[in-house]
Amino acid sequence: KDGENSITRRRKRPGTLGICAVIKHKYGIDAVPHVLCKGFTREESEDFLIDMHYLGIENVLAIQGDDHGYQKPVLEGRSINIYAKDLVQQITTMNQGKYLEDICADPTHFCIGVAGYPEKHVSAPDVETDIRYLKEKVDTGAQYIVTQMFFDNNNYFNFVGRCRAAGITVPIIPGLKIITKQNQLVNIPNSFHVEIPLPLAEEVRATKPEHVPYVGIEWAAKQVKELRNANIPLIHFYVMQSADTIEKLMVRLK
């Protein structure tokens, strides 16, 4: 009942640490938490990584993170990682048993992943510079790459070719997203700076809204088939609160 004495209740949700612990120890599946530069100090990142190491979670994805226009104050005595390469360096150093303070501690054993952009990161001036920055992350200690979502496999194959030509030899895992709503034809390019192929966009626009997920599933199934035929052993799916479509895709692929 509304009134002066009404109480607003907030729903509590587990954070990344709790979710990863459940995935790892309840379901027996390796968890890969995203560790961000933006919004966290190096000291906060180190504490988080120590907790992860203690829980036996040894895979991480080191990313810069999105800029939401809010700059968190950095207190005196604290420091920040500006770029993903800096975060990779911090994690690599922890793997060597070296921490921000001169303490005696065991080395961590993190397998470090980073993000790659088949259609170029929005802040990179050109493709060549983008690949050079990616190689710097790998040379610093990254052991695999997960790509930004793409809807045209040619973008992925061309990206892999540029990486190999630049001397990047680590695994490059393709990232796929299933279109589920018509407004994603605008939202996804605006938010993630990727192109949606015209045939896919036309099919999504022509179908009824409730049928869009089926169009997206069929398109993703064709992408998966082509990638598997090219001997790509692993594919990452961007779920983004659409787990049911991923399940239907898995059934479609059986």
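Everything below is about the structure printed above this text.
The rules behind each value
Residues numbered from 1 in each chain as written. Predicted model: local features only at pLDDT ≥ 70, side-chain atom pairs only at ≥ 80, totals over all residues. Heavy atoms only, no water. Helix = DSSP H or I, 4+ residues; strand = E, 2+ residues; numbered from the N terminus. Buried < 20%, exposed > 50% of the residue type's maximum accessible area, 1.4 Å probe, protein only. Areas by Shrake-Rupley, 256 points an atom, 1.4 Å probe, with all protein chains shown as cover. Axes fitted to C-alpha atoms, helices over the stretch in contact; angles between N-to-C directions. Left-handed = near helix turned anticlockwise from the far one by under 90°. Contact = heavy atoms within 4.5 Å. Nonpolar A, V, L, I, M, F, W, Y, C, P; charged D, E, K, R; others polar. Phe/Tyr/Trp six-rings, centres within 6.5 Å; stacked < 30°, edge-to-face > 60°. Pairing = 2+ DSSP bridges. Right-handed = clockwise from strand over helix to strand, strands pointing away. Patch = residues over 30% accessible without salt bridge, like charges linked within 9 Å, V, L, I, M, F, W, Y side chains within 5 Å. Salt bridge = Lys/Arg side-chain N within 4 Å of Asp/Glu carboxyl O. Core = buried A, V, L, I, M, F, W, Y, C linked by side-chain atoms within 4.5 Å.

Draft legend 1. Examining the overall build of the chain more closely. Helix and strand counts for the chain stand at nine helices and six strands. Counting only C-alpha atoms and orienting by the principal axes, one finds that the chain spans roughly 65 × 60 × 40 Å. Counting every position in the chain, which comprises 254 residues, the buried fraction comes to 38%. In the form shown here, the chain has an accessible surface area of approximately 15700 Å², with 51% of it arising from carbon and sulfur atoms.

Draft legend 2. How the structure looks around the packing of helix 4 (residues 127-140) against helix 5 (residues 153-165). At a closest axis distance of 10 Å, the pairing of helix 4 and helix 5 adopts a crossing angle of 65 degrees. The chirality of how helix 4 crosses helix 5 is right-handed. The segment helix 4 lies against helix 5, with V127, I131 and L134 engaging F159, R162 and C163. Looking at the contact of helix 4 with helix 5 residue by residue, the classes come out as five nonpolar, no polar and one charged.

Draft legend 3. Focus on the packing of aromatic side chains. Tallied over the full model, the rule gives two aromatic pairs. Aromatic pair F150 and Y156: ring centres 5.5 Å apart, planes at 10 degrees, arrangement stacked. Of the two residues examined, F150 and Y156, each falls in the buried class. In textbook terms, an aromatic cluster arises when at least three aromatic residues are bridged by ring pairs, as seen for F150, Y156 and F157.

Draft legend 4. Inspection of the pairing of strand 3 (residues 111-116) at higher detail. Extensive coverage of strand 3 is indicated by the burial of five of its six residues. Looking at chain direction, strand 2 (residues 59-63) and strand 3 are connected through three bridges and run parallel. Residue pairing for strand 3: V60 is matched across the bridge by I112. For the crossover from strand 3 across helix 4 to strand 4 (residues 144-149), the handedness is right-handed.

Draft legend 5. The sheet that holds strand 3, seen in detail. Pairing in this open sheet of six strands is parallel, and the strands run 1-2-3-4-5-6 from one edge to the other. Two strands in the sheet have a free side with no partner beyond their single neighbour: strand 1 (34-36) and strand 6 (236-237). Sitting on the sheet, helix 8 (residues 212-229) is in contact with strand 5 (172-176) and strand 6, with an inclination near 165 degrees to strand 5.

Draft legend 6. How the structure looks around the pairing of strand 2. Burial runs high along strand 2: five of the five residues are buried. Because side chains alternate across strand 2, one face comprises the buried residues N59, L61 and I63, and the other comprises V60 and A62, equally buried. When strand 1 meets strand 2, the two strands line up parallel, connected through three bridges. If you follow H34 over to strand 2, its bridge partner there is L61.

Draft legend 7. Molecular detail of a nonpolar patch on the surface. A cluster of nonpolar side chains, contributed by V22, Y27 and I29, occupies part of the molecular surface with about 310 Å² of accessible area. Mapping I29 onto the fold places it in the loop between helix 1 (16-25) and strand 1.

Draft legend 8. Layout of the nonpolar core. Within the largest apolar cluster, 42 residues are counted, with the highest numbers of intra-cluster contacts made by I91, I145 and I168. If you tally residues by element for this core, the top one is helix 8, at five residues. Beyond its immediate chain neighbours, meaning those up to four positions away, I145 contacts V114, A115, G116, L134, V138, I168, V170, P171, I172 and I173. Core analysis: the next-biggest nonpolar cluster, separate from the first, contains 13 residues, F151, I188, A201 and V215 among them.

Keep in mind that these numbers describe shape and distance, not what the molecule does.
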